[in-house]
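Examining the three-dimensional arrangement
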Amino acid sequence: MSKKGIEALSAMAHKDERLILGLMSGTSLDGLDLALCRIEGHGPKSRLTLKAFTTRPYDDDFKTRVREVFAKRQIDLQHLTLLHPTIAEVHAAMILTTLEAWDISANTIDLIASHGQTVYHAPRSFHGDPAQPHATLQLGDGDHIAQRTGIITCSDFRQKHIAAGGEGAPLAAYGDILLFTDDKKDRALINVGGISNFTLVPSQMSHLKAFSSDIGPGNTIMDALAQRDFDMPYDADATIAKRGNIRPDLLQAMLNEPFFGLACPKTTGPEHFSLSWAEGFGNALPEDMMATLNRLTAETIADAIKALSSDTLEVYLSGGGAHNPLLKEHLANLLPGIPITTTDALGVNPDAKEAMLFALLANELVAGEQETFADRLDGGPAVTMGKISLPD
């Protein structure tokens, strides 16, 4: 670590504002989200402006290579080892291509915030060994990204959360309370990605504390079913689910899953909620299974929201599920009287939200203070997260 690099990091940390490129690659493996954010200040005084956003799709070969290890217990260790730098190199190339397309010089970017690619998530509730800690693994080495782009890179955010006593997920609360706290209204920010999760963001007047929790399967099982039986990456516009019928017997059996009865906050992943998990409850026509899974996602989200003790609650959706019309219809029917819309209503692109949140986490790492979260979070350690990689 050179003196020059440390001096550059220090100078950047003391700036009034920073230009941060947030990266997110979710469990759907559809592509890399890149959100260019201008962030003024830090902590409660943070002000984020989204300057540009895009998703760079992954090619089929890349998806295949990741899926060889994704959410699997038995894998080729050499393949896993090679993927760590390979994913970083792919992401670095996408960064440089995107900056060129935006006509933005890499020299103007202060910081990259790279979530990496989760390949395995094993909280204690999943692995079942009380003598072992929570664990999670994200691939895409920060040093490779920093070296290839020439930009200081923050990565591997989830390990600090686990080291400080958390489960490594979800981390959304740390950014959501900075972006979405309202003076009078409590807000539930629901992200429906591969796994659905939410953050309760209490109002300034509330006695409640903010927290995030996973809920259960979002799109992950539906995507796997669409890919296997319909040769589609996902159930676009719920066209498959709309052709099917909800199977009440299967739905009720799935809702009896013990994870749904665990207290929040809790975490899970595709390691648990897989297509084989769903099919373990019985056979169904593919269209009926899709319809049942769509309803399952809606019912588990609705149950989580109903459990929140708030009389002023507003619900905002983000992630791929925010584009699913049948899912939104189910939620509206299950949560009558609660306003439900997307984060567009708050001025935040629902597809860019997760990448933006990691830009905020990186900003807090270099310029913030962990005390920002000390009195505002319930069930999560008050820590700043991420590891810093300096280019030569």
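One can find the structure itself at the top, above this paragraph.
These figures come from a predicted structure and were not determined experimentally. Counting from 1, residues in each chain are numbered in the order their sequence is written. Whole-chain, interface and lining totals are the exception, using all residues; otherwise, since this is a predicted model, local features are given only for residues with pLDDT of at least 70 and side-chain atom pairs are given and counted only at 80 or more. Values shown for side chains rest on all heavy atoms present in the structure; no hydrogens or waters enter the calculation.

What follows is about the layout of surface pockets. Rolled over the atoms, a probe as big as a water molecule pinpoints where empty space is left. Space inside the second largest pocket adds up to approximately 430 Å³. Looking at which element gives the most residues to the lining of the second largest pocket, the answer is helix H8 (residues 220-230), with five residues. Among the residues making up the lining of the second largest pocket, the classes are represented as seven nonpolar, six polar and four charged. Points on a 1 Å grid over protein atoms alone make up a cavity when a 1.4 Å probe fits among them but cannot get out, and a pocket when they form an open set with protein on both sides within 12 Å along at least five of seven lines; lining residues each have an atom within 4 Å of a point. Grid points are joined across faces, edges and corners, and a volume is the space filled by probe spheres set on the points. Think of it this way: any DSSP run of H or I at least four residues long counts as a helix, any run of E at least two long counts as a strand, and we number them from the N terminus. Three categories are distinguished: nonpolar for Ala, Val, Leu, Ile, Met, Phe, Trp, Tyr, Cys and Pro, charged for Asp, Glu, Lys and Arg, and polar for the others, with Gly belonging to the last.

On to the packing of helix H3 (residues 77-101) against helix H5 (residues 142-149), then. One can describe the packing of H3 onto H5 by two numbers: an axis separation of 8 Å at closest approach and a directional angle of 35°. The two elements H3 and H5 cross, and the hand of that crossing is right-handed. Note on element contacts: H5 touches H3 through His 144, Ile 145, Arg 148 and Thr 149, opposite Pro 85, Ala 88, Glu 89, Ala 92, Ile 95 and Leu 96. Among the residues forming the contact of H3 with H5, the class breakdown is six nonpolar, two polar and two charged. Angles run from 0 to 180 degrees between N-to-C directions of axes, and those axes are lines fitted to C-alpha atoms, restricted for helices to the stretch in contact. What makes a crossing left-handed is the near helix being turned counterclockwise from the far one by less than a right angle; a clockwise turn instead makes it right-handed. Residues count as neighbours in contact if any of their non-hydrogen atoms are within 4.5 Å of one another.

This part takes up the nonpolar core. Working definition of a nonpolar core: buried Ala, Val, Leu, Ile, Met, Phe, Trp, Tyr and Cys residues. They are joined through side-chain atoms within 4.5 Å. Relative accessibility thresholds used throughout: buried, under 20% of the residue-type maximum; exposed, over 50%; partly exposed, between the two (1.4 Å probe, protein chains only). Leu 111 and Phe 157 are the most contacted members of the largest nonpolar core, which has 41 residues in total. For this core, the elements supplying multiple residues, two or more each, are helix H1 (3-13), strand E1 (17-25), strand E2 (31-40), strand E4 (111-122), helix H7 (172-180) and helix H14 (353-367). It is H14 that contributes the most residues to this core, ten residues altogether. Contact partners of Leu 111, with chain neighbours within four places excluded, come to Met 12, Leu 19, Ile 20, Leu 21, Ile 151, Ile 152, Cys 154, Ala 362 and Val 366. Core analysis: the second largest hydrophobic core is formed by 26 residues, Phe 62, Val 69, Ala 88 and Val 119 among them.

Next up on the list: the environment of Val 348. Along the polypeptide, Val 348 turns up in the loop between strand E11 (340-342) and H14. Linking Val 348 and Ser 318, residues 30 residues apart in sequence, is a C-alpha distance of 9.1 Å. Setting aside anything within four residues of it in sequence, one finds Val 348 in contact with Phe 180, Thr 343, Lys 353 and Met 356.

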